[in-house]
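Structural description and commentary
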Amino acid sequence: MTIQTVVVPDLGGAETVEVIELGLSPGDSVEVEDSLLVLESDKATMDIPSPATGVLTQYLVAEGATVKVGDAIAEIDVAGEAAATDVADAEEVEQVSHQPAADSASESESDSESDSEPEAKPQPSAAQSSAEQMIKVPDIGSDDKVDVIEICVAVGDEVNEGDTLVVLESDKATMDVPSTHSGKVLKIVVAEGDKLGTGDDVALFEVIADVAAVQEPAVKQPAPAPVAATPVSSETGPQKAAAAVSAASQPGAVQSAPGQPAQPATSPAEPRQNNAASDIYAGPAVRLIARELGVELSQVPGSGPRGRILKDDVSNFVKQVMQNKDTPAAAAGGSGIPAIPAIDFSQFGDIEELALSKIQKLTAANMQRNWLNVPHVTQFDDADITELEAFRKGLKAEGEKRGVRVTPVAFLIKAIGAALQANPEFNRSLSVDGGHFIQKHYCHVGMAVDTPRGLVVPVIRDVNEKGIWDISAEISLLAGKARDGKLTPAEMQGGCFTLSSLGAIGGNGFTPIVNAPEVGILGVSKSQIKPVWNGSEFAPRLLLPMALSYDHRAINGGDAGRFMTYLVQLLSDIRYLAL
Ligand code: CAO
């Protein structure tokens, strides 16, 4: 076993740097140039690559530690032939330092090759040939120099045409500088914080090209052709198309709407607008993994120092999405909505996990779907139900004879039916493509019922053709079946509008969520006696607080105002219900 100690290399002026990411675990195999850990100064982050192929035996520092040039940071058990070669070196020099990628520009080419190339250097296949090529900054559309904010590759990386090499940032935009060739990075001649302009050198490449393509001027041309956001068209070759797709999938690249082709751009080094992606705090290795896994880093909560996104954060995010993919109310939101972070609550006290019932899962999924799809507006009013309640209480004796219990909910459902008839805008659904309304000529009203297993909404059909006795009987029947878990699917389908009554429970008001594809829902709270000015004095009146939520794609505020005013009128004087 030959242990090689890795030390902090020349930091390019910084006295101390912070260890912000330990990318591997002890026991992991490493190849020469694999990133071991990431250091960060005030101005830049740098990957520290492995100087040898072997096994990482241990890190000698922890994340968050501050280190300086020459500090020992990791130990590698050097493998096989490499070990044999390195033993001699190790006898002379106990510690081996390795230049960070950004500093490798200062190395001579021969040094660089002798230090970093593994013994078993992959040779180009017989069908390939290689040539060196300096990749330069394409036309950035301005004579000004802009900052290098990120180096996305390291010396030794094999990159494809179109892969981002560095990211530049001006006052207004960030832009990727993509590789114009496929090949291996020999040298990076810029560092984070440098200023670059059109035509400046970025990285030296060993370009791998098909023999047939070696003659192509692209390999020999000193100035690279611009490839950022290459347009995808039927005339574009597969390689170019792949490069364009790759460019479009870069963090922060302009994304096309679903179903739309990638946004074409013919101008060189097309800048992208500054957006959340440019604020993402993650190193090149993490960005590479995210790109490979198709993870949008803007959705990944960072657990590293100052919110930096670590490799573990990306894998935890993927794990969470995979675990939740069959869960209706997945915590990982759709529509690009950031996921709610997973938290270990047991760190704060005792907990237990309770499974959701099937109804609770369905409710959660439906609520989320409706909340995200429907632009809600909620309008409030009070109905004076003093006379209604007096009348209802007067029905008690007869109700007992009939075996029917009459509650305010029956009057509400009857009044909703009449209001739907007078205001047909509320008795519509919007077609899925948003192109037309479906006007309903029937009048079925859903009633939210609170049950131990969750919320269900049985539907009372043709309420306009039924009287208060029949509606009351149906309320009791359906609410009883709901609580006993005996409702059939048919009894929960076909609603035009929903009533959610929390009157028996309490509260001044709430904003119900529209039960799409219906376009309106009425939430009623507990009625209370309040003083109301009658023109000459305050009189005690029983007021019922009501909240009407509606889908603003289908309903205008005026329609909602008329619906609510009509409903208040019907409930305040139920004689109108007979008209
Ligand atoms: N203000 C004051 N009292 C009210 C009232 C109101 N708005 N509405 C009903 N009440 C009274 C009733 O009159 C009854 O009292 P009496 O027996 O003295 O007349 C009492 O409250 C109990 O009523 P109930 O709950 O048994 O029956 P209901 O017809 O009022 O309600 C139902 C039926 C199914 C709507 C109700 O039981 C229920 O499940 N409500 C919850 C709905 C819900 O969860 N909505 C939220 C959905 S979104 O999360």
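For the structure, see preceding data.
Attention here is on the structure that accompanies the text.

**Digging into the site of the ligand**
Taken together, 20 residues lie near the ligand, and Arg405, Thr407, Arg483, Ser500 and Ser527 sit nearest. Ser500 places a side-chain nitrogen or oxygen 2.8 Å from a nitrogen atom of the ligand. Ser501 places a polar main-chain atom, nitrogen or oxygen, 3.0 Å from a nitrogen atom of the ligand. Contact with the protein chains covers 72% of the free accessible surface of the ligand, which is 960 Å². Contributing elements (two or more residues each) for the shell around the ligand: α11 (408-422), β23 (449-451), α12 (468-484) and β26 (497-501). Residues that form the shell around the ligand fall into these classes: 9 nonpolar, 6 polar and 5 charged.

**Quick notes on the pairing of strand β5 (residues 45-49)**
For β5, the buried fraction is high: 5 of the 5 residues fall into the buried class. On β5, burial covers both faces: Thr45, Asp47 and Pro49 on one face and Met46 and Ile48 on the other are all buried. The pairing of strand β4 (residues 35-40) with β5 spans 5 bridges and is antiparallel. Within β5, the position partnered with Leu37 by the bridge is Ile48.

**Let's talk about the nonpolar core**
Ranked by size, the top nonpolar core spans 54 residues in total, and within it Ile413, Leu522 and Met546 carry the most contacts. Counting residues per element, the ones that place at least two in this core are α11, β22 (445-447), α12, β26, β27 (520-524), β29 (538-551) and α13 (557-572). A per-element tally of this core places α11 first, with 10 residues.

**Re the pattern of salt bridges**
By the definition in use, this model includes 13 salt bridges. Close ionic contact of Lys145 with Asp200 constitutes a salt bridge, the shortest N to O distance being 2.7 Å. Residue Lys145 is found in the loop between β10 (128-136) and β11 (146-151), and its partner Asp200 is found in the loop between β16 (195-196) and β17 (201-210); the two are separated by 55 residues along the sequence. Between Lys195 and Asp147 there is a salt bridge whose closest N-O contact spans 2.6 Å. With Lys195 in strand β16 and Asp147 in strand β11, this pair connects stretches of sequence that are 48 residues apart. Shared partners join several salt bridges into a network, and the residues in it are Asp384, Glu387 and Arg541.

**Regarding the sheet that holds strand β2 (residues 16-22)**
Adjacent strands of a sheet form backbone hydrogen bonds with each other and so pair up, either parallel or antiparallel. Across the sheet, which stays open at both edges, the 4 strands sit in the order β5-β4-β2-β7 with antiparallel pairing between neighbours. Each edge of the sheet is formed by a strand with only one pairing partner; in this case those strands are β5 and β7 (66-68). Each strand axis lies, on average, 45° off the axis of its neighbour in the sheet, ignoring direction. Sheet analysis places β2 next to β7, joined by 3 bridges and oriented antiparallel. Opposite Thr16, over in β7, you have Lys68 as the bridge partner.

**Some thoughts on unusual backbone geometry**
Of the consecutive residues Ala516 and Pro517, the connecting peptide bond is found in the cis state with omega at 10°. Mapped onto the elements of the fold, Pro517 is located in the loop between β26 and β27. For Glu33, which is not a glycine, the phi torsion comes out positive at approximately 80°. Along the chain, Glu33 turns up in the loop between β3 (29-30) and β4. With a phi angle near 45°, Asp462 is a residue other than glycine that sits in the positive phi range. On the secondary structure map, Asp462 appears in the loop between β25 (459-460) and α12. The class of Asp462 is partly exposed, set by a relative accessible area of 28%.

Definitions and limits used
Residues numbered from 1 in each chain as written. Predicted model: local features only at pLDDT ≥ 70, side-chain atom pairs only at ≥ 80, totals over all residues. Heavy atoms only, no water. Near = heavy atom within 4 Å. Polar contact = N/O pair within 3.5 Å; in protein donor to acceptor, adjacent residues only side chain to side chain. Areas by Shrake-Rupley, 256 points an atom, 1.4 Å probe, with all protein chains shown as cover. Helix = DSSP H or I, 4+ residues; strand = E, 2+ residues; numbered from the N terminus. Nonpolar A, V, L, I, M, F, W, Y, C, P; charged D, E, K, R; others polar. Buried < 20%, exposed > 50% of the residue type's maximum accessible area, 1.4 Å probe, protein only. Pairing = 2+ DSSP bridges. Core = buried A, V, L, I, M, F, W, Y, C linked by side-chain atoms within 4.5 Å. Salt bridge = Lys/Arg side-chain N within 4 Å of Asp/Glu carboxyl O. Axes fitted to C-alpha atoms, helices over the stretch in contact; angles between N-to-C directions.

Function-wise, these values are silent; they only describe arrangement.
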